[in-house]
There are 2 protein chains.
Amino acid sequence: MSEFVYRNKEELLYSQRVAQLSKALWRVIEKDWQCWIKPYDLNINEHHILTITYYMKGASVSDVAKYGSMHVSTAFNFSKKLEERGYLTFSKRDDDKRNTYIEITPAGKALIDEANRHYFDTPHAILEGSLKIKELYGRFPEFLEVTAIVRNIYGNEFIEMLEQSFQNLSHTLDTIDDVKHSELMKEA
Amino acid sequence: MSEFVYRNKEELLYSQRVAQLSKALWRVIEKDWQCWIKPYDLNINEHHILTITYYMKGASVSDVAKYGSMHVSTAFNFSKKLEERGYLTFSKRDDDKRNTYIEITPAGKALIDEANRHYFDTPHAILEGSLKIKELYGRFPEFLEVTAIVRNIYGNEFIEMLEQSFQNLSHTLDTIDDVKHSELMKEA
C-alpha cells in the first residue's frame, strides 16, 4: 500500500455506504420478486431471461447475460432449462454464425403476461416504501444518481436497452388490458 | 384479479425499473466486495457480520441479521464459523437471557483493519462510476431517494445504526493512519 487510507477516506466511506444501501435495497426487491414469480415455477434469473427475450425481441446469450447482470454460463444454463419447458427456442442467424440467439415462444409470452396480470397479488415493499415520496413530490423517485452510475459502469447501451424494454413492456400491458376489457364487454 | 393492470401500470413499471437498476448496481458491488475480501478468506456475509459487531460494539444475532439484511439462520451459521476461526465470541447477557450476543475478538478487529488498509488494492467500480458525478457536483451522490426508501422499509433505527457504524468506521480509519504515520516516522 503506497498511500494513507486517510487520503481516500471519503471514497472508502462513500463506497461502503452505497454497498450497504444497495444490499438492503436488493434483498427487499429479491424477496418480492421471488414471491411474485413463485406460482410460475421460475427463479429470478429465469424470469429475467424471459422478459429480456420478450421485450428485446430477439437477443443473443451474451445480450441476455449483459442486460440481465448475470454470467454468460448462468444465462446459457437457465435458457437451456427454459427451452426444455417450451418457453424459449435457440437458433443461429445466417449473418452471425458465432452467436446463439434466443427467442421467446408464445407459451413463454403467455407465462410472462400471466405473471404481469397477477403483479399486485403479492406485496411489493419497494412500492410501499416509495409511496410517501410520491405523495410528497407528486411522482415516484427517478433514481437519477443510480441510473447515472449504472450508465457509467455498464455503458449507454445498457440504459437505452432498459428504456426500450420498458416501452415494450408498457405496450404489452395495454394489450393485456384491452383483452381484459373486451372480455368484460362480452360478459356484460 | 379485481382490477385492470392499466390502473396500476405506473406502479408496475416503476417497481420493475427499480428492480432492474438495483440488480445491476448490486451485482457490481457484490463482485467488488468479493474481490476485496478474498485474501482474508471471507464471504460477504461473514465480512458483514464482522463489521457490524466491530462498529456496533456488541450486537445480538438478530441485530446482525437485521442490519446485515440476512436471515437469522444465515447470521447464526456464519457467526458460528467465525467463532471457530477465533474472530468472534458468543455470550449471554445477565439482563437478557433470551438473546445470544456476539462480540468481535482482537483477531477479528485486526482482520477488518487489515482489509480496510488494503481497500484500494482492488478495483471498486462503484467509485469509478461515481467520479464523473463528483467532478460535476463537487461531491459524491447522496442517494437520498434510496436512503428514504430503505428507511421506510427497514425503519429509522436501521438508518441510524448505519450512520453510527460509519462514524465508528471513520474513527477506526483515523487510528489506522495514525499507526501508519508513526511507523513511517520511526523509519525516517
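In this text the structure is predicted, and so the values were computed from the model without any measurement.

Student: Explanation requested: the UniProt feature "domain: HTH marR-type" (unreviewed entry) in chain A in the structure shown.
Tutor: Here, UniProt's "domain: HTH marR-type" (unreviewed entry) annotation points to residues 11-155 of chain A. Secondary structure within residues 11-155 of chain A divides into 66% helix and 12% strand; the distance between the first and last C-alpha atoms comes to 22 Å.

Student: For this particular structure, what's the right way to read helix α5 (residues 106-117) of chain A?
Tutor: Along an α-helix, residues three or four apart share an orientation, since each turn contains 3.6 residues. With 12 residues, α5(A) should reach 16 Å at 1.5 Å per residue; the first-to-last C-alpha distance of 16 Å fits that figure. By the burial criterion, the buried members of α5(A) are Gly108(A), Leu111(A), Ile112(A), Asp113(A), Ala115(A) and Asn116(A).

Student: Would you mind showing me how to read the relation of the copies chain B and chain A here?
Tutor: Comparison of the two chain copies shows a relationship of rotation about an axis with a shift along it. Rotating chain B by 180 degrees and moving it 0.0 Å along the rotation axis overlays it on chain A with an RMSD of 0.1 Å. A rotation of that kind, with that shift, is consistent with a two-fold axis. Both copies share a contact surface, since 100% of the interface residues of chain B are interface residues in chain A too.

Student: What am I meant to see in the interface of chain B and chain A here?
Tutor: Quite often, the size of an interface is put as the accessible area lost when its parts meet. Between chain B and chain A, the residue contacts involve 74 residues of the former and 74 residues of the latter. Looking at the side of chain B facing chain A, the largest losses of area belong to Tyr14(B), Leu21(B) and Lys23(B), adding up to 9% of the total buried there. Summed over the shared surface of chain B and chain A, the result is 6 salt bridges. Lys134(B) is paired through a salt bridge with Glu10(A); the nearest N and O atoms lie 3.3 Å apart. Counting the contacts that link chain B with chain A gives 32 residue pairs in polar contact (both at pLDDT 80 or more). If you list the elements that add at least two residues to the side of chain B that touches chain A, you get α1 (9-37), α2 (44-56), α5 (106-117), α6 (125-137), α7 (144-154) and α8 (156-187) of chain B. Per element, the largest residue contribution to the side of chain B that touches chain A is 23 residues, and it comes from α1(B). Considering only residue class, the side of chain B that touches chain A consists of 43 nonpolar, 16 polar and 15 charged.

Student: Got a minute to help me understand the environment of Ile112(A) in this structure?
Tutor: All names here are of chain A. Position of isoleucine 112 among the secondary structure elements: in helix α5. Its relative accessible area of 0% is what places isoleucine 112 among the buried residues. Taking C-alpha positions, isoleucine 112 is 7.1 Å from threonine 51, a pair spaced 61 residues apart along the chain.

Student: Sorry, what's going on with the side chain of Thr147(A) here?
Tutor: Along the chain, Thr147(A) falls in helix α7 (residues 144-154). If near-sequence neighbours (up to four positions away) are discounted, Thr147(A) is found in contact with Glu142(A), Ile159(A) and Leu21(B).

Rules and cut-offs
Residues numbered from 1 in each chain as written. Chains lettered and ligands numbered in written order. Predicted model: local features only at pLDDT ≥ 70, side-chain atom pairs only at ≥ 80, totals over all residues. Heavy atoms only, no water. UniProt positions renumbered as here; feature names shortened; annotations may be inferred. Helix = DSSP H or I, 4+ residues; strand = E, 2+ residues; numbered from the N terminus. Expected span 1.5 Å × (residues − 1). Buried < 20%, exposed > 50% of the residue type's maximum accessible area, 1.4 Å probe, protein only. Least-squares fit on C-alpha atoms with pLDDT ≥ 70 in both. Contact = heavy atoms within 4.5 Å. Buried area = accessible area lost by both parts, 1.4 Å probe. Salt bridge = Lys/Arg side-chain N within 4 Å of Asp/Glu carboxyl O. Polar contact = N/O pair within 3.5 Å; in protein donor to acceptor, adjacent residues only side chain to side chain. Nonpolar A, V, L, I, M, F, W, Y, C, P; charged D, E, K, R; others polar.

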